Amino acid sequence: MAYMGMQEAFDAAGQTSDPDYPDLRRYTTGSALDLFTTALTKRKKEGVYTRGQTVSHAKVTELSPAKAPTKAVVEDCMDTRKTVLYKANGEPVSSDKGGYRLAIADLKIAEGVWKVAALAVQEVGSCRP
């Protein structure tokens, strides 16, 4: 599933804050890709990296058109409690608060494959699995 690939790619890219991590483009396009590359570029400039992995509770909530879908919506109650932002010296970034966050992703077929085209992630506490 493109959504899960996107999550794994962002977690992996975050370990080195690499905005050019190849799998980001494999699973995302449009504003979703822009969101990730902008965040990773900022983190790289600030010397901030990620440890851990996001736990997803994703489900497809819409497919259209019904007969041969080309668009989908995925809702996820992401658990970010096991991910930590940290500085190059190993210090945690104090503003990073993990928890359950509602994420809504719009997917479409791009370049012949499903990709996440848009992603909105809400604040901690916005959902419960």
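Look up: the structure comes first, before these words.
Residues numbered from 1 in each chain as written. Predicted model: local features only at pLDDT ≥ 70, side-chain atom pairs only at ≥ 80, totals over all residues. Heavy atoms only, no water.

1. Comments concerning unusual backbone geometry
Residue Ser 64 is joined to Pro 65 through a cis peptide bond whose omega torsion reads -15°. Unusually for a residue other than glycine, Glu 111 sits at a positive phi of about 55°. Position of Glu 111 relative to the elements: it lies in the loop between β5 (100–110) and β6 (113–124). On the accessibility criterion, Glu 111 (70% relative accessible area) is exposed. (Helix = DSSP H or I, 4+ residues; strand = E, 2+ residues; numbered from the N terminus. Buried < 20%, exposed > 50% of the residue type's maximum accessible area, 1.4 Å probe, protein only.)

2. Here we look at the pattern of salt bridges
Within this structure, the stated rule accounts for 6 salt bridges. With a closest N to O distance of 3.7 Å, Glu 46 and Lys 42 form a salt bridge. Residue Glu 46 and its partner Lys 42 are both found in helix α3 (residues 30–46); the two are separated by 4 residues, about one turn of the helix. Given the relative accessible area of 49%, Glu 46 is considered partly exposed. The residue Arg 81 makes a salt bridge to Asp 79 at a minimum N-O spacing of 2.8 Å. (Salt bridge = Lys/Arg side-chain N within 4 Å of Asp/Glu carboxyl O.)

3. Quick notes on the layout of surface pockets
Each pocket or cavity is described by its volume, and for the largest pocket that value is around 580 Å³. Lining the largest pocket are 26 residues, with Phe 10, Arg 43, Met 78, Arg 101 and Val 121 positioned closest to its centre. When contributions to the lining of the largest pocket are tallied by element, the ones reaching two or more residues are α1 (2–14), α3, β1 (48–51), β4 (84–87) and β6. With 6 residues, α3 is the single largest residue contributor to the lining of the largest pocket. Here the lining of the largest pocket is composed, by residue class, of 11 nonpolar, 8 polar and 7 charged. (1 Å grid on protein atoms, 1.4 Å probe; cavity = no way out; pocket = protein on both sides within 12 Å on 5 of 7 lines; lining within 4 Å. Points joined across faces, edges and corners; volume = space filled by probe spheres on them. Nonpolar A, V, L, I, M, F, W, Y, C, P; charged D, E, K, R; others polar.)

4. Focus: the sheet that holds strand β3 (residues 71–79)
Ordered by their spatial adjacency, 4 strands build an open sheet running β2-β3-β5-β6, and the pairing between neighbours is antiparallel. Of all strands in the sheet, those bounded by a partner on one side alone are β2 (59–64) and β6. With direction set aside, neighbouring strand axes in the sheet form an average angle of 20°. Sheet strands in contact with α1 are β3, β5 and β6, and its direction is about 60° off that of β6. (Pairing = 2+ DSSP bridges. Axes fitted to C-alpha atoms, helices over the stretch in contact; angles between N-to-C directions. Contact = heavy atoms within 4.5 Å.)

5. What about α3?
Under the 1.5 Å per step criterion, the end-to-end length of α3 is 25 Å for 17 residues, consistent within 8% with the ideal 24 Å. Among all positions of α3, only Ala 32, Leu 33, Phe 36, Thr 37, Leu 40 and Arg 43 are buried. The arc enclosing the buried residues of α3, seen along the axis, measures out at 130°, which places them on a common side. Exposed residues on α3 whose side chains face more than 90 degrees from its buried face are Thr 38, Lys 42 and Lys 45. Looking at the buried positions of α3, the neighbouring elements they touch are α1, α2 (22–27), β1, β4 and β6. With its phi angle positive at about 70°, Gly 47 sits one or two positions after the end of α3. (Expected span 1.5 Å × (residues − 1). Arc of directions from axis to C-beta.)

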